[in-house]
Amino acid sequence: MSVALATPVHKRILLKLSGEALMGEDAFGINRATIERIVEEIAEVTRLGVEVAVVIGGGNIFRGVAGGSAGMDRATADYMGMLATVMNALALADAMDKKGLTARVMSAIAIEQVVEPYVRPKALQYLEEGKVVVFAAGTGNPFFTTDTAAALRGAEIGAEVVLKATKVDGVYTADPQKDPAAQRYTRLSFDEAMARNLGIMDATAFALCRDQKLPVRVFSIVKHGALLRVVLGEDEGTLVYA
């Protein structure tokens, strides 16, 4: 089937990208070829009329300064991590603009000379206009991860699913790199995932998704075309449902 004729199963998605996903094979920072490939995958989905919001992490940048944060106040270190996500969001939006997508970065902490603040009605307006919205700075609060930000923003914007992009193509019974007999789950309930302690997201994010009945699909952003296959409802990754 032609992609142009394909019918997506989701109208609005929240894509959770880790900062590490932008590194490619580099030790830290942003790999240009990698970010361009990810943006092309997002562009394929938007061409189908899917509304896309993104929450980005900051591990690729903060990892480079994490040694200096040893012994640092936790809240201060978390704010540094939030600023790293703003840098990633700007890079992602710039790459999107160069691909012909219209992107808007919205930050949970005020840096109005650089990006606009997160305002829910404005974010919804952008999505309805076909713009890609990139949420930066996590929740704006220390002690909360970008997984929690993804769950929170996903619920706020009425996303149909949170797509957690990782380097592994789903959730397995064991570490597939260590155990060749490990099996991929195609579907799991939130309760099953918690009972088996699979560590898909942090507990706060996971509980929020479960309470809001917001499904999570874990898939590999490294695997070419995986995001498109997820949006088309194909057997890709692992679906965690309420």
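Cut-offs used in this document
- Residues numbered from 1 in each chain as written.
- Predicted model: local features only at pLDDT ≥ 70, side-chain atom pairs only at ≥ 80, totals over all residues.
- Heavy atoms only, no water.
- Helix = DSSP H or I, 4+ residues; strand = E, 2+ residues; numbered from the N terminus.
- Buried < 20%, exposed > 50% of the residue type's maximum accessible area, 1.4 Å probe, protein only.
- Pairing = 2+ DSSP bridges.
- Core = buried A, V, L, I, M, F, W, Y, C linked by side-chain atoms within 4.5 Å.
- Axes fitted to C-alpha atoms, helices over the stretch in contact; angles between N-to-C directions.
- Parallel < 35°, antiparallel > 145°, perpendicular 65-115°, else oblique.
- Left-handed = near helix turned anticlockwise from the far one by under 90°.
- Contact = heavy atoms within 4.5 Å.
- Phe/Tyr/Trp six-rings, centres within 6.5 Å; stacked < 30°, edge-to-face > 60°.
- Salt bridge = Lys/Arg side-chain N within 4 Å of Asp/Glu carboxyl O.

Draft legend 1. Local environment of unusual backbone geometry. One non-glycine residue, Ala-137, lies in the positive phi region at around 70°. Structurally, Ala-137 can be placed in the loop between strand S5 (132–136) and helix H5 (146–157). Assessed through its relative accessible area of 0%, Ala-137 is described here as buried.

Draft legend 2. Region of interest: the sheet that holds strand S6 (residues 161–166). Strand order across the open sheet formed by 9 strands is S4-S3-S5-S2-S1-S6-S10-S11-S9, with mixed pairing between neighbours. Looking along the sheet, the strands with just one partner apiece sit at the ends: strand S4 (116–117) and strand S9 (187–189). Of the strand pairs in this sheet, strand S3 (residues 103–107) and S4 are connected by 2 bridges, and their pairing is parallel. Looking across to S4, one finds that Met-106 is bridged to Glu-116.

Draft legend 3. Structural view of the nonpolar core. Counting 45 residues, the largest nonpolar core has Leu-17, Ile-42, Val-54 and Met-96 as the members making the most contacts within it. Contributions of two or more residues to this core are made by strand S1 (12–17), helix H1 (32–46), strand S2 (51–56), helix H3 (74–98), S3, S5, S6 and helix H8 (226–231).

Draft legend 4. Just the environment of Lys-223, in detail. Within the fold, Lys-223 resides in the loop between strand S10 (216–220) and H8. Classification of Lys-223 as partly exposed rests on a relative accessible area of 33%. C-alpha of Lys-223 to C-alpha of Glu-36: the two residues are 187 residues apart in sequence and 14 Å apart in space.

Draft legend 5. Region of the structure containing the packing of H5 against helix H7 (residues 203–211). Where H5 meets H7, the closest approach of the two axes is 8 Å, and the angle between their N-to-C directions is 15°. Between H5 and H7, the interaxial angle falls into the category roughly parallel. Judged by the twist between their axes, the crossing of H5 over H7 is left-handed. Residues Asp-147, Thr-148, Ala-151 and Leu-152 of H5 lie in contact with H7, whose contacting residues are Thr-204, Ala-205, Leu-208 and Cys-209.

Draft legend 6. Summary view of the packing of aromatic side chains. Tallying each qualifying case throughout the model produces 2 aromatic pairs. Centroid distance Tyr-118 to Phe-135: 5.4 Å. Interplanar angle 85°. Geometry classified as edge-to-face. Taken together, the positions of Tyr-118 in the loop between S4 and helix H4 (120–128) and Phe-135 in strand S5 put the pair 17 residues apart, joining distant regions of the chain. Aromatic side chains Phe-190 and Phe-206 sit 5.0 Å apart centroid to centroid with 70° between the ring planes, which places their arrangement in the edge-to-face category.

Draft legend 7. Spotlight on the pattern of salt bridges. Within the structure shown, the criterion is met by 17 salt bridges. Where Glu-51 meets Arg-12, a salt bridge forms, and the shortest distance between an N and an O atom there is 2.7 Å. Of this pair, Glu-51 sits in strand S2 while Arg-12 sits in strand S1, placing them 39 residues apart in sequence. Each member of the pair Glu-51 and Arg-12 is classed as buried.

Honestly, it's all geometry; don't read function into it.
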